[in-house]
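One-letter residues, chain by chain:
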Amino acid sequence: MNAIFDLALGNLLSPIILSFALGLFAAMARSDLSIPEAVAKGMSIYLLFAIGFKGGAGVAAYGADTTLLLAIGAGVILSFGLPFIAFALLSTMTALDRTNRAAVAAHYGSISIVTFVAATSVLESRGLPGEGFMVAVAAAMEAPAILSALWLVARGNGSGGKGMEPGLLREIMLNGSIVLLVGAFLIGLITGEQGLAEIAPFIETPFKGVLCLFLLDMGLIAGRGLRRARGVLNTGAVAFAIVMPLVGAATALVMGLMIGLSPGGIVLLMTLGASASYIAVPAAMRVALPQADPSIYLTLSLGVTFPFNLTLGIPLYLAIVQFITGG
Amino acid sequence: MNAIFDLALGNLLSPIILSFALGLFAAMARSDLSIPEAVAKGMSIYLLFAIGFKGGAGVAAYGADTTLLLAIGAGVILSFGLPFIAFALLSTMTALDRTNRAAVAAHYGSISIVTFVAATSVLESRGLPGEGFMVAVAAAMEAPAILSALWLVARGNGSGGKGMEPGLLREIMLNGSIVLLVGAFLIGLITGEQGLAEIAPFIETPFKGVLCLFLLDMGLIAGRGLRRARGVLNTGAVAFAIVMPLVGAATALVMGLMIGLSPGGIVLLMTLGASASYIAVPAAMRVALPQADPSIYLTLSLGVTFPFNLTLGIPLYLAIVQFITGG
Amino acid sequence: MNAIFDLALGNLLSPIILSFALGLFAAMARSDLSIPEAVAKGMSIYLLFAIGFKGGAGVAAYGADTTLLLAIGAGVILSFGLPFIAFALLSTMTALDRTNRAAVAAHYGSISIVTFVAATSVLESRGLPGEGFMVAVAAAMEAPAILSALWLVARGNGSGGKGMEPGLLREIMLNGSIVLLVGAFLIGLITGEQGLAEIAPFIETPFKGVLCLFLLDMGLIAGRGLRRARGVLNTGAVAFAIVMPLVGAATALVMGLMIGLSPGGIVLLMTLGASASYIAVPAAMRVALPQADPSIYLTLSLGVTFPFNLTLGIPLYLAIVQFITGG
Amino acid sequence: MEIHPAKRVEIVIEAPLERRLTQALTEADVTGYTILPVLGGSGRSGRWSREGQIGQSGMVAVICLIRPERLDTLLKAAFTVVEDHIGVVSVTDAGVLRAERF
Amino acid sequence: MEIHPAKRVEIVIEAPLERRLTQALTEADVTGYTILPVLGGSGRSGRWSREGQIGQSGMVAVICLIRPERLDTLLKAAFTVVEDHIGVVSVTDAGVLRAERF
Amino acid sequence: MEIHPAKRVEIVIEAPLERRLTQALTEADVTGYTILPVLGGSGRSGRWSREGQIGQSGMVAVICLIRPERLDTLLKAAFTVVEDHIGVVSVTDAGVLRAERF
Ligand SMILES: Nc1ncnc2c1ncn2[C@@H]1O[C@H](COP(=O)(O)O)[C@@H](O)[C@H]1O
Ligand SMILES: Nc1ncnc2c1ncn2[C@@H]1O[C@H](COP(=O)(O)O)[C@@H](O)[C@H]1O
Ligand SMILES: Nc1ncnc2c1ncn2[C@@H]1O[C@H](COP(=O)(O)O)[C@@H](O)[C@H]1O
Ligand code: NA
Ligand code: NA
Ligand code: NA
């Protein structure tokens, strides 16, 4: 227990988390500090490219076995399944209508790549890196949750969504961040260690620093969202946004143990299960479920669950895995 | 004297100053070379974050004593006081009306963080680094000058400004660059050397290069301003923009010696005293003193004083301090 | 022959080319992946600055002789002359009207700096760097082709262009990328090795990685262009876009041998001759030859010739030079 | 200079729907439009700013100049897309300089 | 499709005043507006371009669609902010598609 | 509040011609205009988007508020630049709040 606490504290006092906190504070205090949209998008492209490439180069270096396929399968199952758990929890914990419940559920089935990146970064500094292919698992988990959510709405006599609009599925699968992540993974896989050596000074050296500035921006956005959401969210919804990541992480833990991932890999799968989307899914929801209120799902995902995972969640998942695997 | 000249020449021929000169030339020649606003803002966020973080980590490493408080006090006094000197000088040297004099005075009480960064960079390559906490002094000097200027206008039977609009003070204090600078300083202070080690490849390695591109942009902006200001500015005003930094530096020199700063620290305080704002203060002036003409205060600050400090000022301040302290 | 093939394959499987292919794929598949305009422009500024500076520092380190002047002369002649060859080829291979032929010809006389950068990068990893001053040659080749094209149109009794509008020549010569490239070259020349040492961590270390992301964007743009151009372009035009670079490279080969460039330098001159502009010239054409159809010249230059040079052209030029010079 | 009567339609719509809107316009044979970026705004669904967004969210403004007799076609096409979503559609009387252009 | 009469007010104002303007509008119960970025311009106080600016300077365009009878309230609210500053306010007759929206 | 009659001219033009257009306007003594960025569009010469562009291509929208009696001067000046190029020019009746401003 103490170990968890120490780990959490060490994590909290890293430049990465403090940058997020700075952004949160600045937004709450209504400072005009802001990072231009183009720069933030540029940083996210950098992070996706770097993380994908490193994952692919990792697989090229250490090889992949059936665990790779099993892990991707597990990820897809989680992404399809977690929305149902989330939907059920929301039904008991909140008074949200069906459409909003489904929309929120989609976010929690999908993943937050920045949370994943932060977990990778923590694992590396603890000398416990996960499998390189976990990046592919992350990519595979982005989309399925959206289908579950649409099905959940459609089942409720279509009162909310118009079902699966033609072209939407293709749009979701070809979402920029999925294409970039998978593409960079493949480039890393093909060019291997030699390719990594060529561009390592770009994708490894400044990585943590860029992550700091990116999280500063995430803090600003989350803070602005929270400021606006005051009063909109009740205790039930906020409690859900803390309980659900724990449920997701627990489910992922079981699956990770079953398919025989490394300790680091299990922590990453838990992080994926616990994290909630705030890029791909919100955009898809605006098209597919326009009646759902963005201020609800964005605030829960970005304003509550994201900081929770970043500060308490990841250290907790790591401590649990270390406890179980005796690491 | 020769030493000053050599130093100035060495400084002039650094990539940093030459990049500024390139920008100046390109703008004067009406080239369409331009750096996107978002990229320029991204670079300034990087520079503020890096300089703040390094300052904080510096204080964490070497500790802070009462000099820290004295230095901040000295900075605040300078920022409050210099506008009065500037106002008086402007009254004798130019025919500007009261509002414009006050607006210009506010700029010269406040500081230019890029000039400060350039001075840091020069000091480092001379092996004469200033105290890490000078970053905090810089942050503390941004705002007070604005209050002095508003008071100067209000005293003149309110002919110009509407006094202190509610919310303006808060806005000035929570100005993005102040929040980022102070926030990064605190993050550096908290995470200390370990934090610095983590992100040094991001905030130290490419620093000078980013500064080059940033100064290229500053050169472009200054050049465009100068091109537009031809004819607007008379000799008196231009002379003020060269005399005032010398007065500010001299005042800062006395205070720096009194409070016992290191030679590097004194040079930095002189640079702060000598430099004039072109980010925080202009924005505040548009709100508080809309009748003041931006083309006057921006051209003086960015078009004359900024290049003067960069090329001649900093080497001069350094040489004076070396002469006095026998360094 | 096998050697060429191996080299081409090695080149194809580099992260740089694969990033381009990823962009091409994403655009073809209509993914919403996109790099913000400001970030792309920021990267191109970085690349121009870095390549110019390195070229200048290279000349400062190894000196320049008459070959420098001869090479610039050769470049200017190529840029003036190639449009005439291109115009003649287009007359026989396509049914384009005079204005469009002239506009396309201007692109092939001018150069693509990114292709040049990619060639530099390949040469460096083969241990065959070209002369530093080749950057200056590249800059000198940007503009002359435009004049040839305008003359070609004017000769056809002015049916298309309005001749040389006053101010246009100045605008072309002071084009942002030329000013930046030449300016950075001069800064590198003046500050020499010491300047390079100061900012090398910025302009050398991350260079290849930035090039990857930049080519990703180029792939996206080329792919979008190709998607839109389906049907617009016929076989003749596409064939031209592959034949012309070979003709340009062959002409440049002869000139490079005549003036005694190093093997690396010859490859670079061939690359310059083979490459087609897609930044400076299109903008000039919109002003000078507005009747010419951008979708024709952009698609040929960016959609066909650019990828051809990147994937097959450069390895081919290198292999030929190695064969001839027995390298 | 001769000015031809026209209607100027301004549609403020969520960015993820931009492609759908321009597609609907094209299908209704409205092939002239201009898309402007939007920094922020406020409406029935509250206030937002582009800086508070990640990804493709935010809004855009689509401007169409169209012959008066074709206005209804355009509005119907736009409406199918805008219907369930936040945003506004406004119409102004205008004139256009080069009639062959629209 | 039914079109409801409205006024379209376009206010070009300095960016540092944006927050004050939208606050004044909100206080006057004008809660519908859209903010567009401005690249540059020219007026009595000369020419400027966003590229020649640092920080939060530059201008924005705020567009309000409003019921005709509320126009005066809006203009008065806007005027208190714009008064001392550079910028322009223009008004056009317009129509709006979904009246419940404003 | 008093509103002075004006014309609102909106010119969508290629970015490389922006400088030429504002110069022509200035020469015709039209010194009030605002330039907005354009993300994309479609017209007779097909569809384009700023994201599919490199360099200074793309378009901008120039907005001029002008006294009605000066409209023709403005249109003539604009036309000399726009003539051979893609783009549209539209005119709307408008009112302006501060007449001394234009
Ligand atoms: N009356 C209005 N005038 C101008 N823009 C509006 C108005 N109402 C709504 N908008 C714009 O449309 C967006 C969505 O509006 P709404 O659907 O009312 O939430 C807002 O964020 C504004 O950008
Ligand atoms: N007549 C006008 N038409 C369009 N925009 C204008 C006009 N006059 C001024 N502006 C805009 O308002 C800004 C400030 O104008 P001014 O207060 O006249 O200096 C200018 O930079 C333009 O962006
Ligand atoms: N009818 C129209 N309504 C609005 N914008 C238009 C219209 N026609 C053309 N445009 C704009 O002007 C640009 C060039 O049009 P065009 O000259 O017809 O190719 C297009 O890309 C649009 O941005
Ligand atoms: Na999840
Ligand atoms: Na000062
Ligand atoms: Na060429």
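In this text, all values refer to a predicted model and were calculated from it rather than measured experimentally.

Quick look at the relation of the copies chain F and chain D
Phase 1: By a simple turn and slide, chain F fits onto chain D: the slide is 0.0 Å along the axis, the RMSD is 0.0 Å, and the turn is 120°. Taken together, the turn and the small shift mark the pair as related by a three-fold rotation axis.
Phase 2: When the interface residues of chain F are mapped onto chain D, a mere 14% of them are again interface residues, pointing to distinct binding faces.

As for the packing of helix H1 (residues 18–27) of chain E against helix H2 (residues 71–82) of chain E
Residues and elements named next belong to chain E.
Phase 1: Contact geometry of H1 with H2 gives a least axis separation of 9 Å together with a crossing angle of 150°. By the criterion of interaxial angle, the relationship of H1 to H2 is roughly antiparallel. You can see that H1 and H2 cross each other, and the crossing is right-handed. Residue-level contacts link Arg20, Leu21, Ala24 and Leu25 of H1 to Leu74, Ala77, Ala78 and Val81 of H2.
Phase 2: The class makeup of the residues in the contact of H1 with H2 is 7 nonpolar, no polar and 1 charged.

Describing the coordination of the sodium ion (ligand 6)
Residues and elements named next belong to chain C.
Phase 1: Every protein donor of the sodium ion (ligand 6) is accounted for by Tyr108 (O), Ser110 (O), Leu272 (O), Gly273 (O) and Ser275 (O), and the metal-donor separations fall at 2.4 to 2.8 Å.
Phase 2: The motif formed by the donor residues of the sodium ion (ligand 6), counted along the single chain, is Y-x1-S-x161-L-G-x1-S. Residue Ser110 is located in the loop between helix H5 (98–109) and helix H6 (113–125), and its partner Ser275 is located in the loop between helix H13 (263–274) and helix H14 (280–288); the two are separated by 165 residues in the primary sequence. Comparing Ser110 with Ser275 shows no difference in burial state: the two are buried.

Re the coordination of the sodium ion (ligand 5)
All names here are of chain B.
Phase 1: Tyr108 (O), Ser110 (O), Leu272 (O), Gly273 (O) and Ser275 (O) make up the full set of protein donors to the sodium ion (ligand 5), lying at 2.4 to 2.8 Å.
Phase 2: One chain supplies every donor to the sodium ion (ligand 5), and in sequence these donors are spaced Y-x1-S-x161-L-G-x1-S. Take Leu272 and Gly273: they sit in the same class, and that class is buried.

Quick look at the packing of aromatic side chains
Phase 1: The final tally for this structure, using the stated rule, is 21 aromatic pairs over all chains.
Phase 2: Both rings, one in Phe49 of chain C and one in Phe53 of chain C, keep their centres 6.0 Å apart while their planes meet at 40°; by these two values the pair is tilted. Remark: Phe53 of chain C and Phe49 of chain C occur in helix H3 (residues 37–62); sequence separation between them is 4 residues, near one turn of the helix.
Phase 3: On the accessibility criterion, Phe53 of chain C (0% relative accessible area) is buried.
Phase 4: When the centroid spacing of 5.4 Å and the interplanar angle of 75° are considered together, the rings of Tyr278 of chain C and Phe306 of chain C count as edge-to-face. One end of the pair, Tyr278 of chain C, is in the loop between H13 and H14; the other, Phe306 of chain C, is in helix H15 (residues 294–324), and 28 residues separate them in sequence. For the residue pair Tyr278 of chain C and Phe306 of chain C, the accessibility class agrees, reading buried in each case.
Phase 5: Here the aromatic cluster, defined as three or more aromatic residues joined through ring pairs, consists of Phe20, Tyr278 and Phe306 of chain A.
Phase 6: Directly above the aromatic system of Phe207 of chain A lies the positively charged group of Lys54 of chain A, at a separation of 3.8 Å from the ring centroid.

Cut-offs used in this document
- Residues numbered from 1 in each chain as written.
- Chains lettered and ligands numbered in written order.
- Predicted model: local features only at pLDDT ≥ 70, side-chain atom pairs only at ≥ 80, totals over all residues.
- Heavy atoms only, no water.
- Least-squares fit on C-alpha atoms with pLDDT ≥ 70 in both.
- Contact = heavy atoms within 4.5 Å.
- Axes fitted to C-alpha atoms, helices over the stretch in contact; angles between N-to-C directions.
- Helix = DSSP H or I, 4+ residues; strand = E, 2+ residues; numbered from the N terminus.
- Parallel < 35°, antiparallel > 145°, perpendicular 65-115°, else oblique.
- Left-handed = near helix turned anticlockwise from the far one by under 90°.
- Nonpolar A, V, L, I, M, F, W, Y, C, P; charged D, E, K, R; others polar.
- Donors = N, O, S within 2.8 Å, 3.2 Å for Na, K, Ca; no water.
- Buried < 20%, exposed > 50% of the residue type's maximum accessible area, 1.4 Å probe, protein only.
- Phe/Tyr/Trp six-rings, centres within 6.5 Å; stacked < 30°, edge-to-face > 60°.
- Lys NZ or Arg CZ within 6 Å of the ring centre and 35° of its normal.

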